[in-house]
Structure formats: C-alpha cells, structure tokens
Amino acid sequence: DFNSFATRTNTCGELRSAHVGQEVTLYGWIQYQRQGLFLVLRDFQGLTQIIIPQDEAHSHVKKLLSNAPVESVVRVTGIVSSRPPGQENPKMPTGDIEVKAETAEILNTCKKLPFEIKDFVKKSEALRMQYRYLDLRSCQLQYNLRLRSQIVMRMREYLCNLHGFVDVETPTLFKRTPGGAKEFLVPSREAGKFYSLPQSPQQFKQLLMVGGLDRYFQVARCYRDEGSRPDRQPEFTQIDIEMSFVDQAGIQRLIEGLLQYSWPEERGCITTPFPSMTYEEALADYGTDKPDTRFGMKIVDISDFLRRSDIQFVQNALSYPQGTVKAICVPQGVRYLKNKDLESLKESAKSQFNQEIMEIICRRDGSLKSVLTKFLGEKQQLELIQVLNMQVDDVVLLAAGEHKKVCSALGSLRLESADLLEAAGLVLRDPMTFHFLWVVDFPLFLPKEENPTQLESAHHPFTAPHPSDTSLLYSDPTKVRSQHYDLVLNGSEVGGGSIRIHSAEQQRFVLEKVLKEDSEVLSHLLEALEFGAPPHGGIALGLDRLISLIVDAPSIRDVIAFPKSFKGRDLMANAPDYVTPEELEPYHIQVSWPLAEKEAKKN
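So, here's what we can say about the structure.

Cut-offs applied
- Counting restarts for each chain, with residues numbered from 1 along the sequence as it is written.
- Whole-chain, interface and lining totals are the exception, using all residues; otherwise, since this is a predicted model, local features are given only for residues with pLDDT of at least 70 and side-chain atom pairs are given and counted only at 80 or more.
- The side-chain values count all of the structure's non-hydrogen atoms but skip hydrogen atoms and water molecules.
- Runs of E in the DSSP output that reach at least two residues are strands. Runs of H or I that reach at least four are helices, and both are numbered from the N terminus.
- Only protein chains enter the calculation, and the probe is 1.4 Å; a residue is then buried if its accessible area is under 20% of its type maximum, exposed if over 50%, and partly exposed in between.
- Contacts were defined at the residue level, with two residues in contact if any of their heavy atoms lie within 4.5 Å.
- To measure how exposed things are, a 1.4 Å probe is used in the Shrake-Rupley method; for residues, cover is taken only from the protein chains shown.
- The charge count includes Lys and Arg as positive and Asp and Glu as negative, but it does not include His or the ends of the chains.
- Here the site of a charge means NZ on Lys, CZ on Arg, CG on Asp, or CD on Glu.
- What qualifies as a polar contact is a pair of N or O atoms within 3.5 Å, subject to a donor-acceptor requirement within protein and to the restriction that residues adjacent in sequence count only when both atoms come from side chains.
- The criterion for strand pairing is that DSSP finds at least two bridges linking the strands in question.
- Every axis in this analysis is a line fitted to C-alpha atoms, fitted for helices over the stretch in contact. Angles between the N-to-C directions lie between 0 and 180 degrees.
- What counts as a ring pair is set by centres within 6.5 Å for rings of Phe, Tyr and Trp (its six-membered ring), and what kind of pair is set by the plane angle: stacked under 30 degrees, edge-to-face over 60, tilted for all other angles.
- This arc corresponds to the set of directions leading from the helix axis out to the C-beta atoms.
- What counts as a salt bridge is simple: a side-chain nitrogen of Lys or Arg found within 4 Å of a carboxyl oxygen of Asp or Glu.
- The nonpolar core is taken to be a set of buried Ala, Val, Leu, Ile, Met, Phe, Trp, Tyr and Cys residues, with the residues joined through side-chain atoms within 4.5 Å.

### Side note on the overall build of the chain
- For the chain, the helix and strand inventory stands at 19 helices and 22 strands.
- Taken along its principal axes, the extent of the C-alpha atoms in the chain is 95 × 75 × 60 Å.
- Per-residue burial over the chain gives 47% buried out of 603 residues.
- Here the contacts in the chain between residues at least 6 apart in sequence split such that 67% fall between residues at least 24 apart.
- If you sum the accessible surface of the chain, you get close to 30,900 Å²; carbon and sulfur atoms cover 52% of it.
- If you average the places of the 70 positive and of the 80 negative side-chain charges in the chain, the two averages end up 4 Å apart.

And the structure:
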C-alpha cells in the first residue's frame, strides 16, 4: 500500500476510470504546465493531469498553480473526472482521467534547473553527478533503483526463507589482506597503525564457517582503491555467500536457483542449468575468460591446415612450443566494414598485444583476396574457405604467434568487430537476451607481470587446488588448476567464487612457499583453520554489474543511487576533501604537499 501512513489519498500513477467522481489528494512535482489551463503532476509512480480551474471562485488556485515553476512540490485536492472524448492519452496509464483541482498548496518552489528532468534530454555525466538528487527524479533511474530493490528482496527470500541462510553483517574496519586489489587505508589513533577497508568479507565469511553458522549471506559493501578505471566504483555491493559441506556443483546450482527465483518477469525466463566451459576452452574459442556467447565469430585454429604450407611467418610461429595460427571470420565484413575500420582493427592488435594481423577477403566470385593466396594453390584456398566456413563478403582476421597472445588479440578483435558491425546496422547482440555461462578450471597461480619468475594467486590465496592436481601443488604449482568458478553474463563477469582451503597446513604452504607472503598477517585465519574448520566454499555476485546488465544501462553508475565519478570523486559533495592539520593531529599524520599543490592552495 503506497499510501499507508501518508497524507495523500492516492499516488499520481494509480488513478483510473474506476476512480471517477472520487475526491482525491495528490502530492508531487510539477512536470509540465500549459498556459494556466492544466499541469501534469509527477511522483515516483507516474503522472496525473490536473485541470486548473478557470472560474472566479477558484482564482487563487489558478494563480497559485499557473505561477508555480516547473519541479515545484505541490499538494492538489480535487475530483477525478473522465477526459473529454478524443482527449484520452493511451500512452499514459492515467490517460483516461484528469483531476479537476479544488484546492492547492505550494509546498516548495523550485529555482532554475541546471537541466530538464526528462529522460530524453541529454545531460553530461558530470552535471548529472553534481545534481544527482535531481537526476534521481528521472523515470529511468527510478525504475533501475526500484527494480534493484525488488531483486535484492527476492534474493533474501530465496536464501533466508527457503534455504536457511543467515544474514550476518561483517566489519568494515579490518586489516590489510595480502594479494588482490589495493585497499583503502583508514588511520587510527595509534601512531603508525591503520585499518583497511575490506575489498570483500572473504576472511570473515570463512571464519563464520569455522564458527559453525553453516550458511552465510550478506548484501555486502566492498571497497577497492583501483584509481581511475572505466566502469568501476571504489565502493560497490556484492551478494556475498558462503556454505559449509558443499562442492562446486552445489554452489553453482544454488546460484542458478537464486537468479531464477529473483529474475524480473519483464525480462523473460532464464533457463537452468547454465552451460559451462573451462578456462582453456574459453581462451581458445573466444580469447577471453568472460566470453559473450550471444554471437558467433569463434576463434578457429588453422595451425594444422597451414603447417604444410611454405609461408615463412607461419612456419616461424609454429616452430615455438606454444606457437599457433588462429583466425576469426567477420560475417559480411566487406559490406559493413570500411578500409579504415580494418586498419583500425589491425592497429589495435598491434598496440595492445604487439600482434600482427593479416586479412583474407572472400570476393563475390568466391575467390580469396590476401597476400597469403600466392602461397596457396587453388585447392588449398578452397579448403581454407571450408575450414573457416567463409561466405561471400566475409573478412577473416588471421594471427600467428604464441597461443595466449594470439587468442587474446583475436578475442579483443572479435568484440571490436562486433561493435563496428552493429554501428553499421548489423544486429549481433540483443541486450534483452541473457546468456549465462560458468567458466571453470582456472589456473591456481599466474606469473607476476613485473617478475614472471614469481607467482601470484589467479584470484585470491584462499582458493583450493583442483582435487586432481593437489600433488602438483608441491612439485609444479604452475600446472595446478583451481576450484574457482566465474559466472559470466553477456560477456561480463557478474560473479566469482571458489571452494576454499580448509587445511591450515596447506594454506600456510600456499602463502609462504608458493606466494612468498608473510603468513603472520593472516595468523588469525591460519589459527582458526586449526580448530576443526569444515570444508567450505562460496561465491560473490557483483550486484551493480548484474542490475546494469538486466536493465541494459550504459554504466553501472546508472544503477547506483550516489555513485562516484570516473576518477572516484563525489562531484555532488566534492569528496574527497582537505582536512585541517588539527583534525589530522590525533592520527599522527602530516601531509607532505607536492610543490604544485602548495602553490594552488596559496592561490
């Protein structure tokens, strides 16, 4: 009941023909006013047309409503009546009725707006952030936030009411966790000592399993100090889950059921179980560990076909242990891509991956156009067309080199080509089609970028090795697969989790011997694992990313009430901000100003 406890009788979105003749009291914002004849009143639920009285007896009401600026807040009491024949508005749910105002009150006037409160009016994102409280009045943001609320409530029902999960709040002030993303530091009153804001409740949820809670869940606030990264937020929300006595399949079925139960009806049905592929398959076929499976253009391995050719760069590539030749076929590339587009794709592969790309074009007569053709006979060319399943006007992008680099480059070109094709009018990816996918069998460790001789956790140091690879942990950790699993939706990672290490001995070995980390930082967790820790595992769903995909928002900022800007700033309140030396004194901190900033502060 939207009207319980409020002084209105109805919302602006609920009046229908059945209400004709009733006296109603509405509250809302003036969306539009026309020549002192009528106005449109808006609240969170919809719009109602208000007829401004023209008779002398109600002249004060006419003056009040005619002079009120747009977006002023008003109370209107009047009688619901049917609109005159031919004046109904089928585009409005309340389009069959209007309210003839009897009394009105201006509760608050609105000064000149920085932008119009209309979804179709273009506003810069910086301006939207600065006046976020006005931006929130838009229909789209109202819809996004309300849908988000409904989905979270359904998730709570599924987890707590149907499956016995316990909703537990974990601390925000904690200590540094080795590995993973950078954490925000919070000074304490003890000199030189700092808290960290947790990048996830990872340790706490494992400790809750040691504590015997069995099933934990939280709508968790998380923090990562990752600087300026596109479509990332320094603070974000996870649906955080942990279970005892569970395996990977159990977690996957839980999440499939959770999403099916909470999925909004207006977005159609989702089918379970979700398909699954290994990390190696994802990399080989799509060039990424988060494949968008809504469209084809899969990577094709043509190493064996070209191995018997005399093409020098191909033979050079295949002479290396991880050497390969792969390609993607861009459908109708000749028709939809210009020469500058093809050059842009090749330059992108060169600048991002240091990977050369060669193109092959299938002409109208079925022949091939490429520098490769002079090395291939007519029969070989026909075979190549069959291997790549080329059609007339298709363009093939071919790369030769080290397996992972070639796959990554072609995976990136696959997405860039899809963007170009769609910009030219070819529809490949329907935003209202939802393709979920589990990606499994990730490597447990990866070489560090800055020092490839050292290893780091592919995800985090608490992930258990694959049962089949446990012995390799002690002999050749680079070959160990993990019990980690990612949930991918339409090419975006929306969740990730793992079965955890529950043996203190194995956890200490991973930290000290493999990762070369100081295990003392995690002494509390290691000690907890020695007191009868049950086997356990879990997952975290990125709520912001999930909702943005469901509503097809251009950015996750469109599903967060008060997001930070691209640079991590709050443009509305101008945070972060300076504090005085006096305020810093209890925390034993002094700011060392760079010279340029000193001059700026003086001026």
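### Topic: the side chain of Asp 393
- Here Asp 393 shows up in the loop between helix H12 (378–387) and strand E16 (395–402).
- Its relative accessible area of 4% is what places Asp 393 among the buried residues.
- A polar side-chain atom of Asp 393 sits 3.1 Å from a polar atom in the side chain of Arg 364.
- Asp 393 has contacts with Gln 332, Gly 333, Val 334, Arg 335, Cys 362 and Arg 364, leaving out every residue within four places of it along the chain.

### Notes on the sheet that holds strand E1 (residues 23–34)
- The 5 strands are arranged E1-E2-E3-E5-E4 in a closed barrel whose pairing can be described as mixed. Each neighbouring strand pair of the sheet contributes to a mean axis angle of 55°, computed without reference to strand direction.
- Where strand E4 (residues 73–82) and strand E5 (residues 97–108) come together, 10 bridges link them in antiparallel fashion. Residue pairing for E5: Val 74 is matched across the bridge by Ile 106.
- Against the sheet, helix H1 (residues 59–67) touches E1, strand E2 (38–42), E4 and E5, its axis set at about 75° to E5.

### Some thoughts on the packing of aromatic side chains
- Throughout the structure, instances matching the rule amount to 11 aromatic pairs.
- A ring pair is formed by Phe 174 and Phe 204, whose centres lie 4.4 Å apart and whose planes are at 50°; its orientation type is tilted. With Phe 174 in the loop between strand E6 (166–167) and strand E7 (185–187) and Phe 204 in helix H5 (residues 202–210), this pair connects stretches of sequence that are 30 residues apart. With respect to class, Phe 174 is no different from Phe 204; both count as buried.

### Things to note about H12
- All of the buried residues in H12 are Gln 381, Leu 384 and Ile 385. Along the axis of H12, the buried positions cluster into a sector of 100°, meaning they face one direction only. Away from the buried face of H12 by more than 90 degrees, exposed residues Lys 379, Leu 382 and Gln 386 are located.
- Residues of H12 that are buried sit in contact with helix H8 (303–306), strand E14 (358–362) and strand E15 (368–369).
- Immediately beyond the C-terminal end of H12, within one or two residues, lies Asn 389, with a positive phi of roughly 55°.

### Some details on the sheet that holds strand E22 (residues 536–542)
- Across the sheet, 8 strands lie side by side as E6-E9-E10-E22-E21-E20-E17-E11; this open sheet has mixed pairing. Looking along the sheet, the strands with just one partner apiece sit at the ends: E6 and strand E11 (276–278).
- Sheet topology places E11 next to strand E17 (residues 436–440); 3 bridges connect them, and they run parallel. Counterpart to Thr 278 in the pairing with E17 is Val 440.
- With respect to the sheet, helix H4 (residues 139–163) is in contact with E6, strand E9 (215–223), strand E10 (235–244) and E22, its orientation differing from that of E9 by roughly 150°.
- Its contacts with the sheet place helix H17 (residues 543–550) against E10, strand E20 (484–489), strand E21 (492–499) and E22, and it is angled at close to 140° to E21.

### Examining the pattern of salt bridges
- By the definition in use, this model includes 34 salt bridges.
- One salt bridge in this structure joins Asp 135 and Arg 132, with 3.0 Å as the shortest N-O distance. Placement of both Asp 135 and Arg 132 in helix H3 (residues 132–135) is noted, with a separation of 3 residues, approximately one turn of the helix. Side by side, Asp 135 and Arg 132 carry an identical accessibility label, which is buried.
- Between Asp 476 and Lys 479 there is a salt bridge, with its nearest N and O atoms 3.5 Å apart.
- Linked through salt bridges whose partners overlap, the residues forming this network are Arg 128, Arg 132, Asp 135 and Asp 558.

### Considering the nonpolar core
- Within the largest apolar cluster, 50 residues are counted, with the highest numbers of intra-cluster contacts made by Ile 241, Ile 255, Leu 259 and Leu 487.
- With 6 residues, H4 is the largest single contributor of residues to this core.
- If we ignore the near neighbours within four places in the chain, the residues touching Leu 259 are Met 155, Ile 270, Phe 274, Phe 436, Leu 487, Leu 541 and Leu 546.
- Within the second largest apolar cluster, 22 residues are counted, among which are Leu 318, Leu 372, Leu 384 and Leu 388.

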